[in-house]
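# Coordinates in review
The residues making up each chain are set out below.
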Amino acid sequence: MSSTPQNRYKADLREFKFLLFEQFPLQPMLGTAPYEAWGQDECSMVVEESYKFCCDVLGPLNAVGDREGCRVEGGRVKTPTGFPDAWKRLYEAGWKTLATSPEYDGQGAPHMLTLAVEEFLCGANPAFNMYGGLAHGAAEVISHFGTARQKSLYCRNMLHGVWGGTMCLTEPQAGSDVGSARTSAKRLGDGKYAISGTKIFISGGDQDFTDNVVHLVLARVEGAPPGTKGLSLFIVPAVRVNEDGSLGERNDVNVGSIEHKMGINGNATCVLNFGEEGKCVAELVGEAENVGIQQMFMLMNSARIGVGIQGVSVASAAYLSALEYAKDRKQGASITNWKDPTAPRVPIIEHADVRRMLLEMKARVEGPRALIMKLAYHSDNVRSLKGKDDASAAYHQGQVDLLVPLVKAYSTDQAWKVCELAIQTYGGAGYTRDYPVEQCARDAKIFSIYEGTNHIQAMDLVGRKLPQNGGANMQAFLGDVARFISENERHEKLGPLVKELAGAHEAVAGMAMRMLSWFQSGRMQMVPLAANRVLEMMSELCCAWLLLDAARIADAALAKLPAGEGGAADRAFYLGKIHVATYFVKNILPNAKHTAEVLAKEDTSAIDIPVEAFAAT
Ligand SMILES: Cc1cc2nc3c(=O)[nH]c(=O)nc-3n(C[C@H](O)[C@H](O)[C@H](O)COP(=O)(O)OP(=O)(O)OC[C@H]3O[C@@H](n4cnc5c(N)ncnc54)[C@H](O)[C@@H]3O)c2cc1C
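Rules used in this analysis
- Residues numbered from 1 in each chain as written.
- Predicted model: local features only at pLDDT ≥ 70, side-chain atom pairs only at ≥ 80, totals over all residues.
- Heavy atoms only, no water.
- Helix = DSSP H or I, 4+ residues; strand = E, 2+ residues; numbered from the N terminus.
- Rg over C-alpha atoms; globule rule 2.2 N^0.38 Å.
- Buried < 20%, exposed > 50% of the residue type's maximum accessible area, 1.4 Å probe, protein only.
- Near = heavy atom within 4 Å.
- Polar contact = N/O pair within 3.5 Å; in protein donor to acceptor, adjacent residues only side chain to side chain.
- Areas by Shrake-Rupley, 256 points an atom, 1.4 Å probe, with all protein chains shown as cover.
- Nonpolar A, V, L, I, M, F, W, Y, C, P; charged D, E, K, R; others polar.
- Axes fitted to C-alpha atoms, helices over the stretch in contact; angles between N-to-C directions.
- Left-handed = near helix turned anticlockwise from the far one by under 90°.
- Contact = heavy atoms within 4.5 Å.
- Phe/Tyr/Trp six-rings, centres within 6.5 Å; stacked < 30°, edge-to-face > 60°.
- Lys NZ or Arg CZ within 6 Å of the ring centre and 35° of its normal.
- Core = buried A, V, L, I, M, F, W, Y, C linked by side-chain atoms within 4.5 Å.
- Expected span 1.5 Å × (residues − 1).
- Bend = angle between axes of the 7 residues up to and from the residue.
- Parallel < 35°, antiparallel > 145°, perpendicular 65-115°, else oblique.
- Salt bridge = Lys/Arg side-chain N within 4 Å of Asp/Glu carboxyl O.
- Disulfide = S-S within 2.5 Å.

### Focus: the overall build of the chain
A count of helical and extended segments in the chain gives 18 helices and 14 strands. Here the chain has a C-alpha radius of gyration of 25 Å; the compact-globule value for 617 residues is 25 Å, and the two agree. For the C-alpha atoms alone, the extent of the chain along its principal axes is close to 80 × 65 × 65 Å. Per-residue burial over the chain gives 57% buried out of 617 residues.

See the structure below:
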């Protein structure tokens with residue numbers, strides 16, 4: 001490796017400006033509460049400057065973090081070269097406090113803008129970005145459920161990078177089954193508790209950037225009921241915090257070891273031992289016992305959106321790397337000269353199959369990105385409308401709730417597919433460490449596993465989100481897509497594609513009814529068998545809808561572009577939007593109808609097969 005690490009991260013800023021100002025226009029919300037300090041120029045400046053920061057500071061450390069990894073020295077984690085300095089520069093630049101409320105000296109930026117910046121931060125260096133992401137999420141929980149004293153003691157420091165933060169759920173016997181957690185909490189009589197137990201796989205469990213790390217730990221108070229209902233959430237600082245905010249002595253929290261992983265090696269995934277000497281002092285988040293899981297859920301929602309962004313950001317980085325390589329690498333002649341051995345060699349992007357892979361990647365990046373932006377659009381509307389138009393705010397909140405499992409699971413499943421295609425596009429070079437895409441693939445695989453595996457997301461969708469509010473959120477979603485269809489089915493150019501969307505809409509609506517009938521008739525075994533595929537088909541419908549909407553906007557914009565060189569870049573961009581929508585609808589969306597047909601057969605062979613029939617081993 002050269003001594004000066006190079007940035008290999010890239011993003012297409014035109015795409016972000018399109019999403020923020022043309023498709024989900026932020027403009028009507030800017031300049032009014034709660035975004036009165038924000039205008040379009042400020043938003044554009046943030047997009048450009050944060051991207052520059054990511055390319056200058058975080059991108060060059062991505063491969064360094066992957067190769068060096070983290071290690072434990074003297075009981076403390078040492079992060080890769082350059083990470084502590086990058087942390088300082090990140091918080092000085094203010095990119096991690098964009099979303100922070102002005103109450104904690106943050107910039108209170110619109111959610112849509114924050115998600116765009118998060119994509120750059122994460123795409124440039126996913127392992128590094130997790131440290132700040134978890135600290136932010138943990139602080140949000142304290143700010144939501146904590147007492148006034150806790151808010152003032154912890155939140156500001158955690159939000160401004162002075163202290164780190166973690167989320168500690170997993171134990172060896174309690175992964176997806178969080179309710180099996182055995183970490184215990186003993187009342188000490190002064191409102192404090194003594195925590196005892198071991199948590200595993202804790203992201204950012206320690207680092208060498210901050211003097212303190214505030215762990216949020218799920219534990220069971222002595223005598224509490226079994227399962228998730230008996231879990232309470234505790235604030236467990238690695239260094240105790242005095243009442244005046246100064247740091248006291250170290251708490252009894254120790255890094256047992258760090259995992260040796262497939263990817264995100266720059267992030268320390270720790271085994272944490274709490275109370276080995278019986279001196280791990282903690283306090284409840286807020287004042288109530290046995291509400292830990294509800295409190296964690298709040299962090300889980302924002303963490304799940306964050307993982308969806310991780311998926312799109314790494315997928316996008318892999319796609320744009322593969323695109324650059326495909327324009328440069330020459331191999332073979334054009335198929336039109338296939339019999340002529342002297343014909344000139346062409347860049348591989350000229351070959352139909354490479355172009356297919358590139359457009360497939362573009363579709364599987366831009367579809368999920370639009371889905372995330374739609375969620376953020378709803379979320380910004382909740383904030384803007386609350387107190388002014390509560391019925392509309394409730395509709396938008398319902399859509400946020402419904403889309404969270406789609407954002408988490410669909411975006412991260414696509415990320416793995418896109419990274420695989422990016423390696424394939426490179427050929428052998430993609431399999432080597434000389435290019436970034438093999439790291440992208442290794443980093444991306446965890447996204448479908450942590451923060452609730454994608455099957456947990458699918459069960460959340462079919463078990464909680466579809467029936468939520470008596471099914472009204474799902475009905476409103478289907479209604480929004482149906483309105484788009486009726487308004488655009490006679491569109492001169494896109495009409496035939498919109499008709500395909502109508503077929504998928506019908507398939508998804510029918511599938512939701514079938515799911516309901518399985519619940520009502522007690523055919524529960526069909527629910528988990530179908531859940532992941534229902535999530536996938538609903539996500540495909542949503543992405544196709546949003547990509548077609550983008551194509552509609554692009555088509556109208558193309559008609560207004562000046563002829564000649566002047567609008568060349570915009571022309572290319574808008575054409576890209578039309579082609580990507582066409583590809584998605586004709587090549588990916590048919591899966592929704594096909595899945596509905598498959599699921600209608602109610603095949604139970606995966607349940608019927610005896611365990612010993614899988615293999616004779
Ligand atoms: C790099 C990394 C970072 C992590 N960071 C954190 C962190 O910061 N904090 C934290 O608390 N945890 C963290 N985790 C843990 C992570 O959230 C868990 O690995 C994840 O929730 C899955 O749990 P598990 O690994 O025990 O798998 P299991 O729960 O054993 O699941 C194995 C398989 O069985 C399936 N399965 C399990 N239960 C069911 C069921 N009831 N029905 C159907 N299928 C089921 C799963 O979907 C999966 O396919 C991290 C893990 C890794 C690898």
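### Concerning the site of the ligand
With respect to spatial proximity, 18 residues lie near the ligand, and among them M167, T170, S176, F201 and S203 are the closest. Within the side chain of T170, one N or O atom sits 2.6 Å away from a nitrogen atom of the ligand. Here a nitrogen atom of the ligand sits 2.8 Å away from a polar atom, N or O, in the side chain of S203. Considering the ligand on its own, with 970 Å² of exposed area, one finds that the protein chains cover 60% of that surface. Residue assignment for the shell around the ligand shows that the elements contributing at least two residues are strand 3 (163-168) and strand 5 (193-203). Partitioned by chemical class, the residues of the shell around the ligand number nine nonpolar, seven polar and two charged.

### Topic: the packing of helix 15 (residues 526-560) against helix 16 (residues 568-588)
When two helices pack together, their arrangement is given by the angle between the helix axes and the distance between those axes. It is the contact of helix 15 with helix 16, at a shortest axis distance of 8 Å, that shows an interaxial angle of 150 degrees. Our pair here, helix 15 against helix 16, has a crossing hand that is left-handed. From helix 15, E540, C543, A544, L547, L548, A550, A551, A554, D555, A557 and L558 reach across to helix 16, where they touch R571, Y574, L575, K577, I578, V580, A581, F584, V585 and I588.

### Some details on the environment of Q40
The residue Q40 is located in helix 2 (residues 40-58) in this model. Take Q40: its relative accessible area is 35%, and that puts it in the partly exposed class. Taking the C-alpha atoms as reference points, Q40 and L30, separated by 10 residues in sequence, lie 7.3 Å from one another. Beyond its immediate stretch of four places on either side in the chain, Q40 contacts F21, Q27 and L30.

### Details of the packing of aromatic side chains
Using the criterion set out here, one finds 20 aromatic pairs in the structure. Chaining the aromatic ring pairs together yields one cluster made of F83, W87, Y91, F128, Y131 and F209. Above the plane of the ring of F573 lies R14, whose end atom (NZ or CZ) is 4.6 Å from the centre. One residue, K445, lies across the ring of W416, its end atom 5.4 Å from the ring centre.

### Regarding the nonpolar core
Where a protein is soluble and globular, its nonpolar side chains tend to be buried together. Formed by 175 residues in total, the largest nonpolar core has its most connected members in F234, F477 and L501. Looking at this core element by element, the count peaks at 22 residues for helix 15. Apart from the residues within four sequence positions on either side, F477 is in contact with Q399, L402, L403, M538, L541, C542 and W545. Of all hydrophobic cores here, the second largest spans 29 residues; its members include L134, L153, L159 and M296.

### Structural notes on helix 15
Its 35 residues give helix 15 an end-to-end C-alpha distance of 51 Å, which sits within 8% of 51 Å, the value for a rise of 1.5 Å per residue. Bending of helix 15 peaks at approximately 35 degrees at the position of N532.

### Description of the packing of helix 8 (residues 292-328) against helix 9 (residues 352-385)
At their nearest, the axes of helix 8 and helix 9 sit 9 Å apart, and the two run at 155 degrees to each other. Looking at the two axes, helix 8 sits roughly antiparallel to helix 9. Judged by the twist between their axes, the crossing of helix 8 over helix 9 is left-handed. In contact with I305, G308, I309, V312, A315, S316, Y319, A322, L323 and A326 of helix 8, helix 9 contributes V354, L358, M361, K362, V365, P368, R369, I372 and L375. Residue composition of the contact of helix 8 with helix 9, grouped by class: 15 nonpolar, two polar and two charged.

### Notes on unusual backbone geometry
Among all residues save glycine, negative phi is the norm, and among peptide bonds the norm is trans. Across the junction of A33 and P34, the peptide omega takes the value 5 degrees, indicating a cis bond. The topology assignment puts P34 in the loop between helix 1 (13-23) and helix 2. The phi dihedral of N290 is positive, around 65 degrees, even though this residue is not glycine. You can see N290 is positioned in the loop between strand 12 (281-284) and helix 8. Residues other than glycine seldom take positive phi values, yet N469 does so here, at roughly 55 degrees. Relative to the helices and strands, N469 resides in the loop between helix 12 (454-465) and helix 13 (472-488).

### Some details on the pattern of salt bridges
All chains considered together, the criterion is met by 34 salt bridges. E289 is paired through a salt bridge with R187; the nearest N and O atoms lie 3.0 Å apart. A residue pair is termed long-range when its members are at least 10 positions apart, and E289 in the loop between strand 12 and helix 8 and R187 in strand 4 (residues 184-187) qualify at 102 residues. Take E289: its relative accessible area is 24%, and that puts it in the partly exposed class. We classify R187 as partly exposed; its relative accessible area is 43%. As a salt-bridge pair, K362 and E366 come within 2.8 Å of each other at their nearest N and O atoms. You can see K362 and its partner E366 sitting in helix 9, four residues apart, about one turn around the helix. Assigned by exposure class, K362 and E366 land together as buried. Here the salt bridges share partners, and the residues they tie into one network are E15, E119, K362, E366, R369 and K577.

### A look at the side chain of S203
Take S203: it is sitting in strand 5. The buried category is assigned to S203, whose relative accessible area is 14%. Apart from the residues lying within four places of it in its own chain, the contact partners of S203 are M130, L134, T166, N267, A268 and T269.

### A closer look at the state of the cysteines
Per the counting criterion, the structure on display carries zero disulfides. The thiol sulfur of C43 is not disulfide-bonded, and the nearest other cysteine sulfur, from C54, lies at 17 Å. Classification of C43 by relative accessible area gives buried; the value is 0%. Looking at the unpaired C440, the closest cysteine sulfur is the one in C419, lying at 5.2 Å. Assessed through its relative accessible area of 9%, C440 is described here as buried.

### Concerning the side chain of T79
Of note, T79 is situated in the loop between strand 2 (76-78) and helix 4 (83-93). The contact partners of T79, leaving out residues within four places of it in the chain, are G69, C70, P84, Y131, Q207, D208 and F209.

### Structural notes on helix 1
Across the 11 residues of helix 1, eight count as buried, placing the element largely inside the fold. Of all the positions in helix 1, only L13, E15, F16, F18, L19, L20, F21 and Q23 are classed as buried. Here the buried face of helix 1 lies against helix 2, helix 5 (111-124), helix 9, helix 15 and helix 16. Two or three places before R14, at the start of helix 1, stands the capping residue D12, its side-chain oxygen 3.2 Å from that residue's backbone nitrogen.

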